[in-house]
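An overview of the molecular structure
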Amino acid sequence: AKRAGRNRYRFFEPAMTLAAQARMALEMALRPALARAEFELHYQPRIDLRTMNVVGIEALIRWNSADLGRVSPGELIAIAEETGLILPIGRWVLNEACRQTRGLIDRHGRTIRVSVNVSARQLAQPGFVDEVRAALADTGLPADCLEVELTESALIEDIPRTAAMLDELRALGVKLAVDDFGTGYSGLAYLRRFHIDVLKLDRSFVLQADGRISAFDFIKAFVDMAHALKLSVVAEGVETAEVLDFLRAADCDEVQGYLMARPMPLLALEAWLVAATEG
Ligand code: C2E
Ligand code: CA
Ligand code: CA
Ligand code: CA
């Protein structure tokens, strides 16, 4: 049995080594990426479904690696979480998003809220609330112009501790959103343990795997329930006018997606905002 095990190991070794090498290459490229200023934030507008006005923007990280070229945010975040590099990278994202949004507000003379994705590892650090407080103080961004997006998995880790932390953030004036809703535990009940402002419905919640839109009554009942819990509902990944009309009929509050605008660099976003306000 022992020999068979060893043979099996030998057989799979080359493939495993390749996967490990790819992962290692990513990690090696990621370590100096912050110092080399290889990250950039793109921003995707979030739109009020009744007025079609822009109400906010979501900051999304982009990595153009000197060694590897463009790396997908999904891959980058996964390696960053595994290695713990998400802590310095997440801090950079938070500060950069606050700084750039403060600049945007100053130049355009209108209020806009920025949403920042925060991973479970970041939220689990004891100093996270202080980090947020410092980012606001250093950049001068008003607290109510910042929203923190958390996933369900980050919330359920240590519920009493997380609930206390979220209350501290809320006391600062920061808004709280649950991201990717519908991909994980998908209950509304546990959300009553936290003071959340916004529920972001994952694309897969509204659009099924076969591309068809979910049952109207189901989505409508869900939105009504969220409203009863004083949550505002944002739908992500809206790509067609058909989905937009469906969401409007279902009484959804806000939308984000390629139909309205893709995530874009700050300068492009500023031009887009000016055009959107004039039009
Ligand atoms: P997410 O937070 O759910 O962000 C939404 C993703 O959907 C983004 O992918 C966005 O570009 C994409 N998207 C927007 N509109 C549409 C649409 O109409 N159709 C489709 N198919 N997709 C759309 P992106 O930028 O590749 O980011 C992937 C994920 O990486 C994010 O998902 C988030 O979980 C994570 N991420 C990105 N930036 C950060 C960050 O700064 N910190 C952390 N912790 N995670 C981040
Ligand atoms: Ca998000
Ligand atoms: Ca999401
Ligand atoms: Ca997602």
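Being a predicted model, the structure only gives us computed values, none of them experimental.

**With respect to the packing of helix H3 (residues 86–108) against helix H11 (residues 266–278)**
Following both chains from N to C, one finds H3 and H11 inclined at 35°, their axes separated by 12 Å at the closest point. You can see that H3 and H11 cross each other, and the crossing is right-handed. Together, Gln 100, Leu 104, Arg 107 and His 108 of H3 and Leu 266, Leu 269, Glu 270, Leu 273 and Val 274 of H11 make up the contact between the two elements. Of the residues contributing to the contact of H3 with H11, the split by class is 5 nonpolar, 2 polar and 2 charged.

**So, helix H10 (residues 241–249)**
Because each turn of an α-helix spans 3.6 residues, side chains separated by three or four positions in sequence point in the same direction. The complete set of buried residues in H10 reads Val 243, Leu 244, Phe 246 and Leu 247. Here the buried residues of H10 occupy an arc of 165° about the axis, which is enough to place them on one side. Residues of H10 that are buried make contact with helix H8 (203–206), helix H9 (216–228), strand S8 (232–235) and strand S9 (254–255). With its phi angle positive at about 75°, Asp 251 sits one or two positions after the end of H10.

**Some thoughts on the layout of surface pockets**
Considered as a void within the structure, the largest pocket measures approximately 810 Å³ in volume. Around the largest pocket sit 33 residues that line it, and Glu 58, Leu 60, Pro 73, Asn 117 and Asp 179 are the ones nearest its centre. Listed by contribution, the elements that provide at least two residues to the lining of the largest pocket are strand S2 (54–65), helix H2 (73–83), H3, helix H4 (120–124), strand S5 (146–151) and strand S6 (175–181). Considering each element in turn, the lining of the largest pocket owes the most residues, 5 residues, to S2. Computed from the structure, the second largest pocket encloses a volume of approximately 180 Å³. As for the second largest pocket, its lining consists of Ile 47, Met 52, Asn 53, Val 54, Arg 110, Met 260, Trp 272, Leu 273, Ala 276 and Thr 277. With 4 residues, the top contributor of residues to the lining of the second largest pocket is H11.

The rules behind the values
- Residues numbered from 1 in each chain as written.
- Chains lettered and ligands numbered in written order.
- Predicted model: local features only at pLDDT ≥ 70, side-chain atom pairs only at ≥ 80, totals over all residues.
- Heavy atoms only, no water.
- Axes fitted to C-alpha atoms, helices over the stretch in contact; angles between N-to-C directions.
- Helix = DSSP H or I, 4+ residues; strand = E, 2+ residues; numbered from the N terminus.
- Left-handed = near helix turned anticlockwise from the far one by under 90°.
- Contact = heavy atoms within 4.5 Å.
- Nonpolar A, V, L, I, M, F, W, Y, C, P; charged D, E, K, R; others polar.
- Buried < 20%, exposed > 50% of the residue type's maximum accessible area, 1.4 Å probe, protein only.
- Arc of directions from axis to C-beta.
- 1 Å grid on protein atoms, 1.4 Å probe; cavity = no way out; pocket = protein on both sides within 12 Å on 5 of 7 lines; lining within 4 Å.
- Points joined across faces, edges and corners; volume = space filled by probe spheres on them.

Read these as geometric descriptors, not functional statements.
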